[in-house]
Amino acid sequence: MDKISIDAVVKAVNGSLIKKCGENFITGVKHDSRECGAGDMFVAVSGEKQDGHKYIPQALRSGCRTVLVSHQNGWPDDVDAIDFNVIEVDDTVYAMGELAKYYLDTLDLIKIAVTGSVGKTSTRDMIYYVLKEKFSCGRNMKNFNNDIGLPLSIFQFDSSMQAAVLEMGMDKFGEIDRLAEIVKPHIAVITNIGVSHIENLGSREGIFKAKMEVTKHITSYKGNPGTLIFPWDGEFLTRENTEGQYSQIVVGSDGKSDYIISHIDDFGLKGIQFTLEHMEKNRKIRIPVPGRHNAVNGTLALAVGDLLEVSEDQENIGLSKVELTGSRLKCLENHGVTVIDDTYNASPDSMKSAMKVLEKSPCSGSKTAILGDMYELGEQSQRQHLSVGLFARGLRIDKVIAVGCMAKYIAEGASGGKPEAIYFEKKEDLYDKMNQLIGPGDIILVKGSRAMKMEQIVEKVLKI
């Protein structure tokens, strides 16, 4: 991060400097007092369970000399003896976003926003790898894509950067609007409109409306109009439905799309290959990431690369280096058992895509999908879990092990098909039977919503 003067911080956050010290700049922003050091500003966040203001002494002991606060209640007496800047605002999270917006505006870089129901992080990572073959490029830290994580990621950038790929997550209306207001992207990518968070948004129409909030903030860049890039779905993501004061680039599998995907070869865990037609020219694309769905994600990345004049050779090299963030179709092995760790999160679409990867992955033993509950599906929860089980019935896999309260409907849907359907209400019940269900040569997919903590099952499987 480039340094920002205290005066500029106060102005950007519309705050009051209620205590001042001799340190006139900040060179970093942190909301975790354990990560603070000299030059950092500590942002005290008041959450539902904890108030970050009580960690101000720890931040100061670490060398921090500037704090952003929303109140002065209950501070320990010993902090009064320390010389430090105190900037007070009404809402520290909102103020941190305002500072990120100000700081991002000081950097001369191309800004790409990525949102969608599923595939956001994978698409963000692919765009990042494509662009960094030509540009000094940044992206979100880890999976930091909300009103705290996005600003913290922005504060990792500096004036040497030329491009930034920023993922935006949400689970209710207005969140994408706020994040896009901070970023003001030159290019926006919507990966798809699924059913994730339908419990809060009411319908896929609501999800589409929430995702489209990003388009309100698409900005022109050096005389070029902003651009929206999306895969055509014939229902929500169409040229007509997404029209605005920006250009459109459409990815799909028919002749109406600007980028046409065909002849997808699925090599299981070794990745995919497909043919891509653009401007009447065909090229073969290879991506070392599992899953047919990544043909669309990869093409979205190539559309961004082409728009920014990345060469084909640079794009191919970039895609060949792709490594996805977090536990997304990650291959792990131990004692002859292979685990596909896809435990970061789950939706009906991503769960079905992961099972297709399992089906295409060769092994000498059995192919087993251990699937947990999917959250935030509201009234559609039973139907969507059932649909995942029904989908599994048509695949060449050996076992579907469903774990969790709603996962019983996955087992119900899978029953009667080729895979053996087994149900456990609790993970602990599965652990007692694991040695009987899994053996050497097997390949195991583990997937479920984040709150299910399915990574605990991965750890158990690898210890068999």
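Every chain is numbered on its own, with residues counted from 1 as its sequence reads. Totals for whole chains, interfaces and linings use all residues, but because this is a predicted model, local features are given only for residues with pLDDT of at least 70 and pairs of side-chain atoms are given and counted only at 80 or more. Calculated side-chain values reflect all of the structure's heavy atoms, with hydrogen atoms and water omitted.

K.L.:
I'd love a proper account of the sheet that holds strand 2 (residues 16-19), names of residues and values included.
P.N.:
By definition, the strands of a sheet pair up through backbone hydrogen bonds, in either a parallel or an antiparallel sense. Ordered by their spatial adjacency, 5 strands build an open sheet running 2-7-6-5-4, and the pairing between neighbours is mixed. The strands lining the two open edges of the sheet, one partner per strand, are strand 2 and strand 4 (28-30). Averaged over all pairs of adjacent strands, the angle between their axes in this sheet comes to 25°, without regard to strand direction. Sitting on the sheet, helix 1 (residues 6-13) touches strand 2, strand 5 (40-43), strand 6 (66-69) and strand 7 (85-88), and the angle it makes with strand 7 is about 15°. Sheet strands touched by helix 3 (residues 92-105): strand 4, strand 5 and strand 6. Its angle to strand 6, the strand with the most contacts, is close to 125°. Between any two strands, pairing holds if DSSP finds at least two bridges. Secondary structure elements follow DSSP: runs of H or I no shorter than four residues count as helices, runs of E no shorter than two count as strands, and numbering proceeds from the N terminus. Fitted lines through C-alpha atoms serve as axes, helices being fitted only where they are in contact, and the angles separating the N-to-C directions of these axes extend from 0 to 180 degrees. Note on contacts: a residue pair qualifies if any of its non-hydrogen atoms lie within 4.5 Å across the two residues.

K.L.:
Report on helix 3, specifying residues and quantitative values.
P.N.:
To estimate how far a helix should reach, multiply one less than its number of residues by 1.5 Å. Taking 1.5 Å per residue, 14 residues should reach 20 Å; helix 3 reaches 20 Å between its end C-alpha atoms and fits that length. When accessible area is computed with a 1.4 Å probe and restricted to protein chains, residues below 20% of their type maximum are described as buried, those above 50% as exposed, and intermediate ones as partly exposed. Taken across its 14 residues, helix 3 has 11 buried, putting it largely inside the fold. Inspection of helix 3 places Thr92, Val93, Ala95, Met96, Gly97, Glu98, Leu99, Ala100, Lys101, Tyr103 and Leu104 among the buried residues, and these make up the whole buried set. For this analysis, a polar contact is any N or O atom pair within 3.5 Å, provided that within protein one partner can donate a hydrogen and the other can accept it, and provided that sequence-adjacent residues contribute only side-chain to side-chain pairs. Where helix 3 starts, the residue carrying a side-chain oxygen 3.0 Å from the main-chain nitrogen of Val93 turns out to be Asp91.

K.L.:
Give a description of the environment of Val189 that names residues and reports values.
P.N.:
For Val189, the location among the structural elements is in strand 11 (residues 187-190). The spatial distance from the C-alpha of Val189 to the C-alpha of Ala411 is 35 Å, given a sequence separation of 222 residues. Not counting residues within four places of it along the chain, the set of residues in contact with Val189 comprises Ile112, Ala113, Val114, Thr115, Thr123, Ile127, Ile229, Leu300 and Val304.

K.L.:
Lay out the sheet that holds strand 20 (residues 399-403) in plain terms, naming residues and giving numbers.
P.N.:
Reading across the sheet, the 6 strands line up as 17-18-22-19-20-21 and stay open at both edges, with mixed pairing between neighbours. Of all the strands in the sheet, just strand 17 (330-334) and strand 21 (420-424) have a single pairing partner and so form its edges. Pairs of neighbouring strands in the sheet enclose a mean axial angle of 20°, with direction left out of account. Bridge count between strand 17 and strand 18 (residues 337-341): 5 bridges; the pairing is antiparallel. What sits directly across from Cys331, in strand 18, is Ile340. Its contacts with the sheet put helix 15 (residues 455-462) on strand 17, strand 18, strand 19 (367-372) and strand 22 (443-447), and the angle it makes with strand 18 is roughly 170°.

K.L.:
Help me get a handle on the pattern of salt bridges, residues and values and all.
P.N.:
For this analysis, a salt bridge means a side-chain nitrogen from Lys or Arg found within 4 Å of a carboxyl oxygen belonging to Asp or Glu. Under the defined criterion, the tally for this structure stands at 25 salt bridges. Put simply, Lys101 and Glu98 hold a salt bridge, and the shortest N to O gap is 3.2 Å. With Lys101 and Glu98 both in helix 3 and 3 residues apart, the pair spans about one turn of that helix. As far as burial versus exposure is concerned, Lys101 and Glu98 are alike and both buried. The network of salt bridges with common partners includes Glu98, Lys101, Arg178 and Glu181.

K.L.:
Requested: an account of the packing of helix 11 (residues 348-360) against helix 12 (residues 381-393), with residues and values cited.
P.N.:
Direction vectors running N to C along helix 11 and helix 12 enclose 15°, while the axes themselves pass 10 Å from each other. In terms of their interaxial angle, helix 11 and helix 12 are classed as roughly parallel. Helix 12 is crossed by helix 11, and the crossing has right-handed handedness. Residue-level contacts link Pro348, Met351, Lys352, Met355 and Lys356 of helix 11 to Gln384, Ser387, Val388, Phe391 and Ala392 of helix 12. Put simply, Ala, Val, Leu, Ile, Met, Phe, Trp, Tyr, Cys and Pro go in the nonpolar bin, Asp, Glu, Lys and Arg in the charged bin, and everything else, Gly too, in the polar bin. Of the residues belonging to the contact of helix 11 with helix 12, the class tally is 6 nonpolar, 2 polar and 2 charged. An angle below 35 degrees is read as roughly parallel, one above 145 as roughly antiparallel, one from 65 to 115 as roughly perpendicular, and any other as oblique. The sense of a crossing depends on the near helix, which, turned anticlockwise from the far helix by less than a right angle, makes the crossing left-handed and, turned clockwise, makes it right-handed.

K.L.:
Give me the lowdown on unusual backbone geometry, citing residues and values where you can.
P.N.:
The phi dihedral of Asn14 is positive, around 55°, even though this residue is not glycine. Looking at the secondary structure, you find Asn14 in the loop between helix 1 and strand 2. Relative accessible area serves as the criterion here: at 70%, Asn14 is assigned to the exposed category.

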